[in-house]
Every structure is written in C-alpha cells, then in structure tokens.
Amino acid sequence: MIRIMGLDFGSVTVGVALSDPLLLTAQGLETIRRKHETKLRQTLQRIEEIIKEYNVNVIVLGYPKNLDNSIGIRARKTEEFAETIKRRTALPVILWDERLTTVSAHNYLNEAGLDYQEKNKVVDTVAAGIILQSYLDYLANHPDDKANLEKNLD
C-alpha cells in the first residue's frame, strides 16, 4: 500500500496533505508553522512524525516555478528543502509544479466564505491538498507511471 504526503513549502509555513490508501483523493492535514524561514529543525521533525504515523512512502513537494517556467529563488529553496527531506527520511521526493495553487486555494476559500483570519490558518493546507490531488490525478491518467512508482517502492 502506498501513502503519499503532499507538501506546500512556504517561507514560514508548510502545508501538509495526505493521500487516501487507494491514491484517489488528497486530504489536507495541517499547516506547520515556524518563527523564521531558516528554522527548519522542528518543521522537519514534525514531517518525520507524520511520515511515521501515516506510513508515508512518497513525498510530493510543490515546486514553485515562475509563470514563464524559469526557476527563481523560491524554487531553489524548495530544491534545497527537497534534498534535506530526502537525506533525513530516505523517501523519494517528487517536485511537482505548483504554479497558481495558492491562488486556487484562496479562490476556493473565498467561495467558502471564510474571512481573512480563517483563510490564513488553512490556505497552506488547502494548497498542499491541491498539489497532491494534481499529482494523484496525473497518476490516475498515467497508469504506467503509477505502476513504475509502485514497482520502485517494492
């Protein structure tokens, strides 16, 4: 059984989502907050706790490319974060294009009628869910890639 964790890595937050065991849907789990961008120890510790608690096998990390497909500062920091997670967990980390997911999350939360403070609490979790759902939808439409993923985890 595969369980995938989706992460939306921000400057002081990380939104977390998990797949269901059948890899059909993503559910937002939580937002991990830190006081400063460079203070990652507790964030990484919490990610490791979630991996253990939910038996996560794969991590999908939102990759914030620029709209013109170039790699900016935020994407480079995300690449560094991906390498750190790989070293600490020994799990595969898949960088997944996340362009406009935060905008989509805000739009979704606006439609839900949440006020600014309520949105701020959950927007990163919702964005992580959108990132992960996009990846799960990709797998559903690319059975060979899904089979390769499953084979590589055996």
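On a predicted model such as this, the values are computed, not experimentally measured, just so you know. (Residues numbered from 1 in each chain as written. Predicted model: local features only at pLDDT ≥ 70, side-chain atom pairs only at ≥ 80, totals over all residues. Heavy atoms only, no water.)

Participant: Mind laying out the pattern of salt bridges, listing which residues take part and the relevant values?
Facilitator: This structure, assessed with the given rule, holds four salt bridges. In this structure, the salt-bridge partner of Glu 30 is Arg 46, at a minimum N-O distance of 2.7 Å. In this pair, Glu 30 sits in strand E3 (residues 26–33) while Arg 46 sits in helix H1 (residues 41–54), placing the two residues 16 residues apart along the sequence. Among the ionic pairs, Glu 49 bridges to Arg 46, the shortest N-O distance being 3.1 Å. Linking Glu 49 with Arg 46, this pair stays in helix H1, spanning three residues, or about one helical turn. Given the relative accessible area of 37%, Glu 49 is considered partly exposed. Among the charged side chains, a network of salt bridges with common partners joins Glu 30, Arg 46 and Glu 49. (Salt bridge = Lys/Arg side-chain N within 4 Å of Asp/Glu carboxyl O. Helix = DSSP H or I, 4+ residues; strand = E, 2+ residues; numbered from the N terminus. Buried < 20%, exposed > 50% of the residue type's maximum accessible area, 1.4 Å probe, protein only.)

Participant: How would you sum up the sheet that holds strand E4 (residues 58–63)? Please name residues and give values.
Facilitator: On the basis of which strands lie adjacent, the open sheet formed by five strands has the order E3-E2-E1-E4-E5 and mixed pairing. Across the chains shown, the open sheet's two edge strands, defined by having one partner strand only, are E3 and strand E5 (93–97). Strand-to-strand, the axes of this sheet are offset by a mean angle of 25°, without reference to chain direction. The sheet contact formed by E4 and E5 spans five bridges and is parallel. Considered in E5, the bridge of Val 60 is made with Ile 94. Against the sheet, helix H2 (residues 73–89) engages strand E1 (4–9), strand E2 (13–19), E4 and E5, with an angle of about 170° to E4. (Pairing = 2+ DSSP bridges. Axes fitted to C-alpha atoms, helices over the stretch in contact; angles between N-to-C directions. Contact = heavy atoms within 4.5 Å.)

Participant: Any details on the packing of aromatic side chains? Residues and values, ideally.
Facilitator: Within the structure shown, the criterion is met by four aromatic pairs. Between Phe 9 and Phe 81, the aromatic rings sit 4.0 Å apart at their centres with planes inclined by 5°, giving stacked as the arrangement. Pair noted here: Phe 9 is in strand E1 and Phe 81 is in helix H2, with a separation of 72 residues, a long-range link. For the residue pair Phe 9 and Phe 81, the accessibility class agrees, reading buried in each case. With 4.9 Å between their ring centres and 80° between their planes, Trp 96 and Tyr 135 make a pair best called edge-to-face. Highlighted residues: Trp 96 in strand E5 and Tyr 135 in helix H4 (residues 116–141), separated in sequence by 39 residues. You can call Tyr 135 buried: its relative accessible area is 6%. Three or more aromatic residues joined by ring pairs make a cluster, and in this case those are Trp 96, Tyr 135 and Tyr 138. (Phe/Tyr/Trp six-rings, centres within 6.5 Å; stacked < 30°, edge-to-face > 60°.)

Participant: Describe in detail unusual backbone geometry, supporting the description with residues and values.
Facilitator: For Asn 55, which is not glycine, the phi torsion reads 55° and is therefore positive. For Asn 55, the location among the structural elements is in the loop between H1 and E4. Of the residues examined, Asn 55 reaches a relative accessible area of 55% and is grouped as exposed. A positive phi is found at Ala 90, a non-glycine position, where the angle reads about 60°.

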